[in-house]
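Structural overview for review
Here is how the chains run, residue by residue.
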Amino acid sequence: MGRKYVLVRGMSLNVLMYVLGAFAPNFWTFCVLKVISGALSCPAMIATFPFLGELTPSKRRSQAFLMTSSMKTLCILYCGLIGWLTLQGTWRIDLGFVIFTPWRLFYLLCGIPSLLCAIMFYVAPESPKFLLSKGRQDESMRVLRKIYSVNYGKPQENFTVQSISAEENENRNVASTTRNKGAAGTLKHVFDQTVPLFKPPYFKSLILCLFIITTICICFNSIFVWLPELTNRMALYKEQNEGRFYACEMLMRDSILPTITNTSSLSECKVNLTTAVFVPNIIISVVLPVVTLIASVVVPLFDRRIVLAALFVICGCMGLSINWVPNATFVVMMIGGINAFTFVAYNVLTTITIELFPTYIRATAVSLNMVACRFGSILGSQLFSLLLDSLCTLLFNLITGLLFCCAVVPIFFDLKKQPKQGDLPGNKATEVEGQS
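What comes next is a walk through the structure. Please read all numbers here as calculations on a predicted model, not as lab measurements.

1. Section: a nonpolar patch on the surface
A cluster of nonpolar side chains, namely Leu81, Trp84, Leu85, Val279, Ile283, Val286 and Val287, defines an oily patch on the protein surface of about 610 Å² accessible area. At the level of secondary structure, the elements contributing two or more residues to the nonpolar patch comprise helix 3 (58–86) and helix 13 (279–298). The leading source of residues in the nonpolar patch is helix 13, at four residues. Tracing the backbone shows Val287 in helix 13.

Structure below.
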């Protein structure tokens, strides 16, 4: 179907789910629509990085991924700001079939990024490398001519490349794609895109990627989700106690239970959000783009395996210090630092993943990484839920141990030496891709 096909339709349908969800009459309707929205977002997430990687030359790919990923945090900032502006409202509008409240407006506005993405992906060209891998050479050439014309401001007729060919390990896939059609052909196509991942030489790379991405998501996603709760617990503890305290003294529920008991009542539950709820996410959304933009300049100067290992060592040291430094501000900085550096590590790993797997199995490899990432997020959230109140020190030691283990894994990646120019053969073709 193509990267663009999935991205445009996935984002467009996602907008529709947001609109319908904002006017859902009951919980179960909203829940079903939200599940569908998540299902529509996953293919788009899977297709985005292969799409970007196939439109970017090898020597600029790390920078492109890091710069693009830095923009993802704008959505975190956007959600934090519109939540700050809307969710504290008390107004209600009776539409007859539903009461429109601030949270419905917030959810409706959350669909705007998907709408903008759908429009931008519609304008963007299809990946020429994907078209070539499917045997559609003429279409691929048309895309390259258009990219050349836009980049250089010259007529497409001035593009001197006459023909291009698929990579050697993809020729077999081209023949298979053009020969197999119908349901049987589709199943055969899925089989051909999946089975090679579990055979040499790709199986080792897949296992390494899955281990690293799972650890990253255990740390980044879980900490990000729990960060407002962690900072809130520390703030409550500091209000009732003076002095310097270790992280787990402030975070375990037993230490703040008297505060919660004294300030709680059996009255009717009411929504009461303070600005402190939104502050941690807003700060992170401002800091992360700066960190990733700096990384986009630094990472290409070194071997990405070394960079990835160094990032995990830094994160491991931060995790280790959480249990040993009795200072609330320092603890918050270290937790935020783990978030920032694992975010950069995620994007560096993505550039490695794109390079390790050829075009015809790349999307499948990325999708398996996404599955592992979701598994890591769920596992990390459960670990926080189970261990934070009873075995807090063990929780942070586990995270630290996983990060140090991941520091060793990147050295086993078999990366090709990055070319000085783009991926396409021939100087002119290389020059065009290098500018796209």
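Further notes follow.
2. Describing the environment of Ile213
Of note, Ile213 is situated in helix 10 (residues 202–240). Take Ile213: its relative accessible area is 3%, and that puts it in the buried class. Sequence separation of Ile213 and Tyr346 is 133 residues, and the distance between their C-alpha atoms is 6.9 Å. Leaving out residues up to four positions away in the same chain, Ile213 has contacts with Tyr346, Leu349, Asn369, Ala372 and Cys373.

3. Describing empty space enclosed by the protein
Scanning the entire structure with this criterion turns up one cavity of 30 Å³ or more. Approximately 80 Å³ is the volume attributed to the largest cavity. As for the largest cavity, its lining consists of Phe49, Ile213, Tyr346, Leu349, Thr350, Thr353, Val366, Asn369 and Met370. Residue assignment for the lining of the largest cavity shows that the elements contributing at least two residues are helix 15 (328–356) and helix 16 (359–387). With four residues, helix 15 is the largest single contributor of residues to the lining of the largest cavity. Residue composition of the lining of the largest cavity, by class: six nonpolar, three polar and no charged.

4. As for the packing of aromatic side chains
If you walk through the whole model with that rule in mind, you get 16 aromatic pairs. Look at Phe27 and Trp28: their rings are 5.1 Å apart centre to centre, the planes differ by 75°, and that puts the pair in the edge-to-face class. You can call Trp28 exposed: its relative accessible area is 62%. Taken together, Tyr18, Phe30, Trp103 and Tyr107 form an aromatic cluster joined through their ring pairs. Positioned over the ring face of Tyr122 is Lys4, at 5.7 Å from the centre of the ring. Here Arg9 stacks its cationic end above the ring of Tyr5, 3.8 Å away from the centre of that ring.

5. Here's the deal with the pattern of salt bridges
Enumeration according to the criterion identifies six salt bridges in this entry. Of the charged contacts in the structure, one is a salt bridge between Arg233 and Asp389, with a shortest N-O distance of 2.6 Å. Within this pair, whereas Arg233 is found in helix 10, its partner Asp389 is found in the loop between helix 16 and helix 17 (392–406), the two being separated by 156 residues in sequence. Overall, Arg233 belongs to the buried group, its relative accessible area being 2%. Owing to a relative accessible area of 24%, Asp389 belongs among the partly exposed residues under this scheme.

6. A word on the state of the cysteines
Enumeration according to the criterion identifies two disulfides in this entry. Here Cys217 engages in a disulfide with Cys373; their sulfurs sit 2.0 Å apart. The S-S bond linking Cys217 to Cys373 shows a torsion near -85°; that makes this disulfide left-handed. Separated by 156 residues along the polypeptide, Cys217 in helix 10 and Cys373 in helix 16 bring together distant segments of the chain. Look at Cys373 and you get buried, because its relative accessible area is 5%. Cys248 shares a disulfide with Cys392; S-S distance 2.1 Å. One quick way to see it: the torsion about the S-S bond of Cys248 and Cys392 is about -80°, and its sign makes the bridge left-handed. Here Cys248, found in helix 11 (residues 247–251), pairs with Cys392, found in helix 17; they are 144 residues apart in sequence, far enough to count as distant. According to the relative accessible area criterion, Cys392 is buried, its value standing at 1%.

What counts and how
Residues numbered from 1 in each chain as written. Predicted model: local features only at pLDDT ≥ 70, side-chain atom pairs only at ≥ 80, totals over all residues. Heavy atoms only, no water. Patch = residues over 30% accessible without salt bridge, like charges linked within 9 Å, V, L, I, M, F, W, Y side chains within 5 Å. Areas by Shrake-Rupley, 256 points an atom, 1.4 Å probe, with all protein chains shown as cover. Salt bridge = Lys/Arg side-chain N within 4 Å of Asp/Glu carboxyl O. Helix = DSSP H or I, 4+ residues; strand = E, 2+ residues; numbered from the N terminus. Buried < 20%, exposed > 50% of the residue type's maximum accessible area, 1.4 Å probe, protein only. Contact = heavy atoms within 4.5 Å. 1 Å grid on protein atoms, 1.4 Å probe; cavity = no way out; pocket = protein on both sides within 12 Å on 5 of 7 lines; lining within 4 Å. Points joined across faces, edges and corners; volume = space filled by probe spheres on them. Nonpolar A, V, L, I, M, F, W, Y, C, P; charged D, E, K, R; others polar. Phe/Tyr/Trp six-rings, centres within 6.5 Å; stacked < 30°, edge-to-face > 60°. Lys NZ or Arg CZ within 6 Å of the ring centre and 35° of its normal. Disulfide = S-S within 2.5 Å.

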